[in-house]
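Fold and contact review
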Amino acid sequence: VSIRGFSANTDQYVDGVKDDATYYRDLSNTDHIEVVEGPAAVLYGRGTSGGLVDRVTKKPRMEGTLAEFSTTQGGYGSRRAEGDIDTLLGLPQLGLRTTGAWESGGSFRHFYSLDRYAFAPTLRWSPTKGQDLTLQVERLRDERIPDRGIPSLNGRPAPVKIANYYGYAVSGGTVPADYLHNAVSDETLDWKGKVTQWNVHEVLRHAGYQTAFQNTFPAGTSNGTATRSEYNGTTAQENYFNQIEAWRRFHTPGMEHLFLGGVEYGHQKIRRTQSTGTAAAVDLYNPAQVAPTLSTTLNTFNGFIGQTVAGYFQDELSFAKKWKALVGLRFDNYRQSQHNYAPPANNVARTDNAPSPRIGVLYQ
């Protein structure tokens, strides 16, 4: 995703909490998607200047029993089934909503295949008006054969059959076929309540991401052949985030305030490995399934740790019938360190302390 010319691949959120891993998301548990354009640092801290994408998940609606099931079938063996069951568990204050999806299919591209499933139960307890406690668990598995398309010739797509596949998808020996595995598991505890005159919201989220891949792809063309390259690796990431914020309305002489304040703590760990092998050239117009040669040497092997400690506030002032003003400030302490295990092994680290101010006036 690109927003206003900036990549937003690491500006992904789930219910307002950072979800910055690289994986294919499934929308079976998504109620709606919010896109914030422009710098959002005053509330969300580090990120690009383009904007962010927030997936708001489905929660129990506490309205009795509602169920929805759907199936989709398409060309090349494409099949998908989704389910969504929302019900009360004997008490009007306790609800359970469970969503799930299964998908399998191919493509007009030779050898490509996809298998995926997603599952997300959510338990919601509302003992009194304005008090909500929600526990959500999500599981996602995505298995596919990577496909990097066709090579270019003289600055244009090569004049070959649209289905030509230049990777390695049929294993016939000791080298496995190309693959891409994504596995995501996350748990979220969400509490909303009232403390004196303040509305309070706390979100505690843990997420684990596992990715493994082997990719053989066309790198160019030469005399009627497609030159190829290969790389493979793994990524393991774990995120912990805790956000607490409170807001209330109050009046001062001549104006009304909607004041919000919050704190955030985040801890992230990432372990990456990658090797770069070689792959023989194949015929440009009739590519054969030729196994790559995998490298036994890791050219990338590192561990990363990032820690965020931040506080922020925002005040929306209504000082006339059609006029509002907004002032806000967030301050982040962000520590990051990386240890490179592959030669030449070294450690790098830095700490950033950054304020993010915002001020604006609105005529409505």
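Everything here concerns the structure above.
Every chain's residues receive numbers from 1 upward, in the order its sequence appears when written. Thresholds applied to this predicted model are a pLDDT of at least 70 for local features of residues and 80 or more for the giving and counting of side-chain atom pairs; totals over whole chains, interfaces and linings are not thresholded and use all residues. The side-chain values count all of the structure's non-hydrogen atoms but skip hydrogen atoms and water molecules.

**Details of empty space enclosed by the protein**
Test applied: Only protein atoms enter the calculation, which uses a 1 Å grid: trapped sets of points that fit a 1.4 Å probe without letting it out are cavities, open sets showing protein on both sides within 12 Å along at least five of seven lines are pockets, and any residue with an atom within 4 Å of a point is a lining residue. Grid points are joined across faces, edges and corners, and a volume is the space filled by probe spheres set on the points. Residues are grouped as follows: Ala, Val, Leu, Ile, Met, Phe, Trp, Tyr, Cys and Pro are nonpolar; Asp, Glu, Lys and Arg are charged; every other residue, Gly included, is polar. Here a helix means four or more residues in a row that DSSP labels H or I, a strand means two or more in a row labelled E, and each is numbered from the N terminus.
Following the criterion strictly, the structure yields three cavities of 30 Å³ or more and no others. In this structure, the largest cavity encloses a volume near 160 Å³. In terms of lining residues, the largest cavity is bounded by 16 residues, among which Asp-26, Ala-118, Glu-138, Arg-139 and Leu-140 are the most central. Here the lining of the largest cavity is built from residues that sort into six nonpolar, four polar and six charged. The volume enclosed by the second largest cavity comes to roughly 80 Å³. For the lining of the second largest cavity, the elements supplying multiple residues, two or more each, are β16 (225-252) and β19 (323-340). Among the residues forming the lining of the second largest cavity, the class breakdown is three nonpolar, three polar and five charged.

**A closer look at the layout of surface pockets**
Taken as a whole, the largest pocket encloses approximately 990 Å³ of empty space. Around the largest pocket, the lining is made up of 41 residues, and of these Asp-20, Ala-21, Thr-22, Tyr-23 and Arg-25 lie nearest the centre. Residue composition of the lining of the largest pocket, grouped by class: 18 nonpolar, 14 polar and nine charged. The computed volume of the second largest pocket comes to approximately 760 Å³. For the second largest pocket, the lining is made up of 27 residues, of which Asp-15, Gly-16, Tyr-44, His-201 and Glu-245 are closest to its centre. Breaking the lining of the second largest pocket down by element, the ones donating at least two residues are β5 (30-37), α1 (41-44), β6 (51-57), β11 (132-144), β14 (179-195), β15 (198-222), β16 and β17 (255-283). Here the element with the most residues in the lining of the second largest pocket is β6; it accounts for four residues. The residue inventory of the lining of the second largest pocket, partitioned by class, reads 10 nonpolar, five polar and 12 charged.

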